[in-house]
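Structure at a glance
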Amino acid sequence: MTLPENFDFTQSNLQDYLDCPYRFYLRYIRHTQWPALIVDDALAFEQRGQTGARFHRLIQQYLLGLPEERLADQAAADPSPEVFSWWQDFLQYAPPLLEGARHVETVLSAGLNGHRLVAKYDLVLVRPDGGLTIFDWKTSQKRPKQERLLERVQTRLYRFLLVLSGGMLNGAEAIRPEQIEMNYWFTSQPELPINLPYTADQYQKDQTFFKKLVDEIAALPGEAFTRTGDLSKCRYCVYRSHCDRGVEAGDLEMFDDFLPETEENPDDLDFDQIEEIAF
Ligand code: SF4
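Reading the values: rules and limits
Residues numbered from 1 in each chain as written. Predicted model: local features only at pLDDT ≥ 70, side-chain atom pairs only at ≥ 80, totals over all residues. Heavy atoms only, no water. Helix = DSSP H or I, 4+ residues; strand = E, 2+ residues; numbered from the N terminus. Buried < 20%, exposed > 50% of the residue type's maximum accessible area, 1.4 Å probe, protein only. Contact = heavy atoms within 4.5 Å. Areas by Shrake-Rupley, 256 points an atom, 1.4 Å probe, with all protein chains shown as cover. Phe/Tyr/Trp six-rings, centres within 6.5 Å; stacked < 30°, edge-to-face > 60°. Lys NZ or Arg CZ within 6 Å of the ring centre and 35° of its normal. Salt bridge = Lys/Arg side-chain N within 4 Å of Asp/Glu carboxyl O.

1. As for the overall build of the protein
Scanning the protein from N- to C-terminus turns up eight helices and seven strands. In the protein, which comprises 279 residues, the proportion classed as buried is 48%. Here the contacts in the protein between residues at least 6 apart in sequence split such that 71% fall between residues at least 24 apart. In the form shown here, the protein has an accessible surface area of approximately 13700 Å², with 50% of it arising from carbon and sulfur atoms.

Laid out in structure tokens, this is it:
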């Protein structure tokens, strides 16, 4: 066992492991800081991240019931004009989807084979028809294909964990996979969210997948966290020069094609909010 004590598995670190076991090792076991840029235009990259975070905050405040006029003023005063335009799109397309009991910025966790899985949700909506929709707001410039989203750890983990530990969001009633759907809403195509319903069959597959994955990672000795053979994974990795996989940072314009997990930082999780079931 090389994992730090009390290590939590999240979509970000599991996706890192699947992309490159060595990146997981450097980041989460060795805690290696490496002074390299992820993309070529660091300033634009940082601004993009901050703009996305401000937009997420606006939505969060809206969902918590702050007055629309106040939020509209806030959006109009934002230093990035994109935010106001995204906000108008949000108000036009999203509210009809948001009827029900809202659980905003909810964190869930559950034990699996003696390890802990954790996920932070932008919104879990319990709809009047008894279904539950997981919403994730994306400010990436491109809308990915549905097939790619279905493969992502985020999609698999969020739906799986809601079945496993979301009962308290559902009036203490167990949740069946068929009650759940995941809705990715994109600022780039606000009229076309991607909706991914869950099934019992997929739940079984996810259970097998995550059990095997966390057991495998927990049992791996340090030297077995090998470098990926897929060089495309190195293009937006800060450890490029450490691994002798190039020194040039990746192109910011192509960044969204790689669907990196930059919108959730596990370090941001507020563990006081975690609603947990027993191991
Ligand atoms: S540069 Fe490539 S091999 Fe090295 S940690 Fe990053 S993804 Fe893995």
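2. Points about the packing of aromatic side chains
Tallied over the full model, the rule gives 24 aromatic pairs. Seen from their ring centres, tryptophan 137 and tryptophan 185 are 6.0 Å apart, and the 75° between their planes marks the pair as edge-to-face. Of this pair, tryptophan 137 sits in strand β4 (residues 132-138) while tryptophan 185 sits in strand β5 (residues 180-186), placing them 48 residues apart in sequence. Both residues of the pair, tryptophan 137 and tryptophan 185, belong to the buried class. Their ring planes at 85° and their centres at 6.4 Å tell us that tyrosine 198 and tyrosine 203 sit as a pair that is edge-to-face. Exposure remark for tyrosine 198: the relative accessible area of 3% places this residue in the buried category. Pairwise contacts between aromatic rings join Phe7, Phe9, Tyr17, Tyr22, Phe24, Tyr25, Tyr28 and Phe225 into one cluster. In this structure, arginine 156 packs its charged tip against the face of phenylalanine 209, placed 4.0 Å from the ring centre.

3. Side note on the pattern of salt bridges
As enumerated under the stated definition, the model contains twelve salt bridges in all. The partner of aspartate 8 in a salt bridge is arginine 116, and the shortest N-O contact between them spans 2.9 Å. With aspartate 8 in strand β1 (residues 8-9) and arginine 116 in strand β3 (residues 115-126), the pair connects residues that are 108 residues apart, well separated along the chain. Across the pair, exposure class does not vary: aspartate 8 and arginine 116 are buried alike. One salt bridge in this structure joins arginine 156 and aspartate 206, with 2.6 Å as the shortest N-O distance. Placement of arginine 156 in helix α7 (residues 153-165) and of aspartate 206 in helix α8 (residues 200-219) is noted, with a sequence separation of 50 residues between them. By the burial criterion, arginine 156 is buried, and aspartate 206 matches it. When salt bridges that share partners are traced, they join Asp16, Asp19, Arg23, Arg27 and Lys233 into one network.

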